[in-house]
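Now for the letters of each chain:
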Number of protein chains: 2
Amino acid sequence: MKRIYKAHILFTKQKDHFEVYENGYVAVDDSGRVTGVASCLDELDSEGAEIVDFGNRLLIPAMNDMHVHAPQVHNQGVAMDLELLPWLQNYTFPEEAKYADTRYAERMYRRFLHTQWLFGTMRSVVFGTVHTESTRLLMQLYQEAGMGALVGKVAMNRNCPEALCEDVKEAVEGNERLIAEFNKPDALVRPIITPRFVPSCTPELLQACGELAKKYRLPVQSHLSENKSEIAWVAELEPDSENYGAAYDQYGLFGQTPTIMAHCVWTQGKELELMRRNGVMVAHCPTSNFNIASGMAPIRTFLEEGLHVGLGSDISGGHDLNMFRMLVYAIQVSKMQYQQNHDKAFLTLPEIFWIATKSAGSFFGKVGSFEPGYEFDALVIDDEVLHPDEYSLLHRLERFIYLGDDRQILHRFCRGKEVPEPR
Amino acid sequence: MKRIYKAHILFTKQKDHFEVYENGYVAVDDSGRVTGVASCLDELDSEGAEIVDFGNRLLIPAMNDMHVHAPQVHNQGVAMDLELLPWLQNYTFPEEAKYADTRYAERMYRRFLHTQWLFGTMRSVVFGTVHTESTRLLMQLYQEAGMGALVGKVAMNRNCPEALCEDVKEAVEGNERLIAEFNKPDALVRPIITPRFVPSCTPELLQACGELAKKYRLPVQSHLSENKSEIAWVAELEPDSENYGAAYDQYGLFGQTPTIMAHCVWTQGKELELMRRNGVMVAHCPTSNFNIASGMAPIRTFLEEGLHVGLGSDISGGHDLNMFRMLVYAIQVSKMQYQQNHDKAFLTLPEIFWIATKSAGSFFGKVGSFEPGYEFDALVIDDEVLHPDEYSLLHRLERFIYLGDDRQILHRFCRGKEVPEPR
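Remember, it's a predicted structure, so these values are computed and weren't measured experimentally.

Chemist: So, the sheet that holds strand S4 (residues 50-61) of chain B: which residues are in play, and what are the values?
Modeler: All names here are of chain B. One open sheet holds the seven strands; their spatial order is S3-S2-S1-S4-S15-S16-S17, and the pairing between them is mixed. Edge strands, defined here as strands with exactly one partner in the open sheet, are strand S3 (34-38) and strand S17 (417-418). Sheet topology note: the S4/strand S15 (residues 378-381) ladder contains four bridges and is antiparallel. Bridging from a neighbouring strand, Leu-59 pairs with Val-380 of S15.

Below is the structure:
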């Protein structure tokens, strides 16, 4: 049935300002798509529509987490004082190895999804583990929850513990089992080809990943240029590649199908040009980049070059699944860059909101805006505790982003359906 | 009556590691001071003591906010995209002018105190406004709440709107009225001499502030070396001072009595040496330094030089009154400095916890630790929602700091007394 939602509606059609409909209306059809947004009911076709009035609440696009390691939910906020290598060896890899056990996986993945739900993240681009069965389980849980996700069975076969290594044949077979089950047109939950990163994949495995992506027209995710020692390592492993990105590119894993690369902290020059040319999206993970001391990604430059950018929590390098915190951190990173160089303006709230919603959402199709044709992914924000009567609508949204938490998220919608609390 | 509290007790006696008492005990006497902490009840004098068992909860020192503008509570999380000057002129100063009205002040100050209470901040070093009556009100509210604070009537008489200017005589008289009423030995709430910063105080006003501090043996707070244009401005206004700190020093406002200076982002060389020699404390405000694009304060250097450091929320330059977030930001700032220079190790969790508790608390006397003789300022943390059974006590604390919020703070104590929710 067609529904029309009434609330104070805010979204970013363009990157530099908010569309604001005070006491506005958004109409959503049976397929979960927006058919119109307006200040007056008269402007919409309301015949036969159920009208749902959210009163003084804010209605905004839902959050998209463009880079997150679901099996790291247990390590959130733990051992943050360690350097990258001991942290991987003592926390990250041992935790992922536990996902050989689907009972453990189910308990943790339910916890993970529940937290995403709490914070209003309705779409995600997710790393699972190397384990096919646990990854299938995660995809099933997303389906049951009614939340959108591109979920990757992680491919890795070198420079990692024995328990997480898989040979190329197993990797291909495991992926193809998931593809057969989940690669349906228009499905909310779909597979994504996921080489962990160049150092943990042999050329043969990268080749196989590229072939899978091409054969099944599947998107690709991985890590790129997160820190300098990693970049040096890749240069050593792939001496014929002009840069880290080119190492993926030669295997068909860099924009040949829709591709998103996490971090890109040190991406510049020819790598940047290759991303631009190939339309590779950046998943900017500012909290993680702080916590792991990776650096500050040049997001303003990426925007100027026309790259698509989204935001990622990257737990457990990042500690927080609340994507609204990621907006704040992304602004703060850009302000610190501005302080240090003064050559680029810092990111403003509408810009980062656009990045987090419409720009990120483009990786899933028409997601992240309330323009006609967009899938209705939305949050209803009850900011009563933040004294809404004292502020403009834009300041109410800003205060919720800076000061709010899950307690203010009253309803969550994904592709037009309200998403109830996952069991 | 003497009380003994049983819980998992964690605190930082020294700066580089936690004292951990699993199922430990801390004894508190009638005066609110710790008389002992131990793993077994037998090790304490428990005769006649009431024993309060907090079970599986964590018991930690309460938070201290060492730099906060109480009248900016309304501006929290608002207009964060503005540069410093338009933000001061359009938001900060107009808001402070409203505090001429004590009814407005009461409403906002109650909101402010309630938020501090929620987040477990039991001691604060606070800027009020120039208004004597509203500042008295703030002090009364702290007294009623049973929370500790050094509260400053702000001195300012140049480079500010007419409504916030006060002549030197009024400034002195207003301060003396508050001093007569509140400057009691051992009082939880006391005055602090508060020149806003050099650019907003004439030499005569700074002179008068220094004399007040000396005459009444009162502590001093102000701002120091927050950003480069401010430093250049001070150099212009006080051409005879070798540096910004020296400008305060010549008026007896730089360690002649206990002094805390907010920010010190660009403090180095002779200014740093003067702070060290005079024992001036730094209030590090990492969130504010990000939001206003001030820079990254060299906290590791300050520690190496033996300076005392505490943490400040600095709302509304900072957006958050939750001091636990400030710990996370302070670690992240130091990690970014580490990434950029690699010359100094980043701050670890025990170090930043020590800074936020025992180091900061030293400005109030013996506050911020559970060693015998310390005033019992404490929080009881119920981290049930963070799956405590799966983690060590140290990781439980780390997870609460990184992931928790006010919902996990079950009890708050200041100087031995439980602090109920302020009305």
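Chemist: Can you explain empty space enclosed by the protein? Please cite residues and give values.
Modeler: Rolled over the atoms, a probe sized like a water molecule indicates the empty space that remains. Tallying each qualifying case throughout the model produces two cavities of 30 Å³ or more. Along the walls of the largest cavity sit His-319, Asp-320, Arg-325, Val-328, Tyr-329 and Tyr-402 of chain A together with His-319, Asp-320, Arg-325, Val-328, Tyr-329 and Tyr-402 of chain B, which together make up its complete lining. Mapped by element, the contributors of at least two residues to the lining of the largest cavity are helix H11 (323-341) of chain A together with helix H11 (323-341) of chain B. Partitioning the lining of the largest cavity into residue classes produces six nonpolar, two polar and four charged. Taken as a whole, the second largest cavity spans an internal volume of roughly 60 Å³.

Chemist: If you had to explain the relation of the copies chain B and chain A to someone new, which residues and values would you point to?
Modeler: Each copy superposes on the other: chain B lies on chain A with an RMSD of 0.0 Å after a rotation of 180 degrees and an axial shift of 0.0 Å. A rotation of that kind, with that shift, is consistent with a two-fold axis. Proximity to the rotation axis, assessed at the C-alpha, singles out Asp-405 of chain B in chain B; its C-alpha lies 4.7 Å from the axis. Of the residues that chain B buries at the interface, 100% are likewise interface residues in chain A, meaning the two copies contact each other through the same surface.

Chemist: Can you tell me about the side chain of Asn-243 of chain B, naming the residues and giving the values?
Modeler: All names here are of chain B. Examined against the element boundaries, Asn-243 turns out to sit in the loop between helix H6 (228-237) and helix H7 (244-249). Taking the relative accessible area as the measure of exposure, Asn-243 reaches 16% and is therefore buried. Separated by 3.1 Å, the side chain of Asn-243 and the backbone nitrogen of Gly-245 make a polar contact. A distance of 2.7 Å separates a polar side-chain atom of Asn-243 from the backbone nitrogen of Ala-246. Apart from residues no more than four positions distant in its own chain, Asn-243 is found in contact with Lys-270, Glu-271 and Leu-274.

Chemist: Can you lay out the nonpolar core for me, pointing to particular residues and giving the numbers?
Modeler: If you look at the biggest cluster of nonpolar residues, it comprises 207 residues, and the most contacted ones within it are Tyr-142 of chain A together with Tyr-142 of chain B. The contacts of Tyr-142 of chain A, once residues within four sequence positions are left out, are Phe-112, Leu-113, Gln-116, Ser-124, Val-126, Met-147, Gly-148, Ala-149, Val-151 and Val-189 of chain A.

Chemist: A description of the packing of aromatic side chains should follow, citing residues and the corresponding values.
Modeler: For the coordinates displayed, the defined rule picks out 38 aromatic pairs over all chains. On the basis of an interplanar angle of 5 degrees and a centroid distance of 6.2 Å, the ring pair of Phe-11 of chain A and Tyr-21 of chain A is categorised as stacked. Taken together, the positions of Phe-11 of chain A in strand S1 (residues 3-14) and Tyr-21 of chain A in strand S2 (residues 17-28) put the pair ten residues apart, joining distant regions of the chain. Here Phe-11 of chain A falls in the buried class, since its relative accessible area comes to 1%. Consider the rings of Tyr-5 of chain B and Phe-413 of chain B, whose centres lie 5.1 Å apart with planes at 55 degrees: the pair is tilted. With Tyr-5 of chain B in strand S1 (residues 3-14) and Phe-413 of chain B in strand S16 (residues 409-414), this residue pair connects regions lying 408 residues apart in the sequence. Like Tyr-5 of chain B, the residue Phe-413 of chain B is buried in the burial classification. For Lys-228 of chain A, the ring lying beneath its charged end belongs to Trp-266 of chain A, and the centroid distance is 4.2 Å. Looking at Arg-412 of chain B, its charged tip hangs above the ring of Trp-117 of chain B, at a distance of 3.7 Å from the centre.

Chemist: Now, about the environment of Gly-32 of chain B: what can you tell me, with residues and values included?
Modeler: All names here are of chain B. As for its position among the elements, Gly-32 is in the loop between strand S2 (17-28) and S3. Here Gly-32 falls in the buried class, since its relative accessible area comes to 3%. Residues contacting Gly-32, with those up to four places away along its chain left out, are Tyr-374, Glu-375, Phe-376, Arg-415 and Gly-416.

Chemist: Give me the lowdown on the environment of Lys-153 of chain B, citing residues and values where you can.
Modeler: Residues and elements named next belong to chain B. Here Lys-153 shows up in the loop between strand S7 (148-152) and strand S8 (154-155). The exposure class of Lys-153 is buried, given its relative accessible area of 2%. Linking Lys-153 and Ser-31, residues 122 residues apart in sequence, is a C-alpha distance of 29 Å. Dropping the residues within four chain positions of it, Lys-153 is found in contact with Thr-129, Val-130, Thr-132, Thr-135, Glu-166, Glu-170, Ala-171, Gly-174, Asn-175, Leu-178, Ile-192 and Thr-194.

Chemist: I'd like to hear about the pattern of salt bridges, residue by residue, with values.
Modeler: Residues and elements named next belong to chain B. Overall, the coordinates contain 60 salt bridges over all chains when judged by the stated rule. Among the ionic pairs, Glu-375 bridges to Arg-123, the shortest N-O distance being 2.6 Å. Here the residue Glu-375 occupies a position in the loop between helix H12 (349-361) and S15, and Arg-123 occupies one in strand S6 (residues 121-127), the gap between them amounting to 252 residues. Pair check on accessibility: Glu-375 and Arg-123 agree, each one buried. Salt-bridge contacts for Arg-396 lead to Asp-383; the nearest nitrogen and oxygen are separated by 2.8 Å. Taken together, the residues Arg-396 in helix H13 (residues 393-403) and Asp-383 in the loop between S15 and H13 connect sequence positions 13 residues apart.

Definitions and limits used
- Residues numbered from 1 in each chain as written.
- Chains lettered and ligands numbered in written order.
- Predicted model: local features only at pLDDT ≥ 70, side-chain atom pairs only at ≥ 80, totals over all residues.
- Heavy atoms only, no water.
- Pairing = 2+ DSSP bridges.
- Helix = DSSP H or I, 4+ residues; strand = E, 2+ residues; numbered from the N terminus.
- 1 Å grid on protein atoms, 1.4 Å probe; cavity = no way out; pocket = protein on both sides within 12 Å on 5 of 7 lines; lining within 4 Å.
- Points joined across faces, edges and corners; volume = space filled by probe spheres on them.
- Nonpolar A, V, L, I, M, F, W, Y, C, P; charged D, E, K, R; others polar.
- Least-squares fit on C-alpha atoms with pLDDT ≥ 70 in both.
- Contact = heavy atoms within 4.5 Å.
- Buried < 20%, exposed > 50% of the residue type's maximum accessible area, 1.4 Å probe, protein only.
- Polar contact = N/O pair within 3.5 Å; in protein donor to acceptor, adjacent residues only side chain to side chain.
- Core = buried A, V, L, I, M, F, W, Y, C linked by side-chain atoms within 4.5 Å.
- Phe/Tyr/Trp six-rings, centres within 6.5 Å; stacked < 30°, edge-to-face > 60°.
- Lys NZ or Arg CZ within 6 Å of the ring centre and 35° of its normal.
- Salt bridge = Lys/Arg side-chain N within 4 Å of Asp/Glu carboxyl O.

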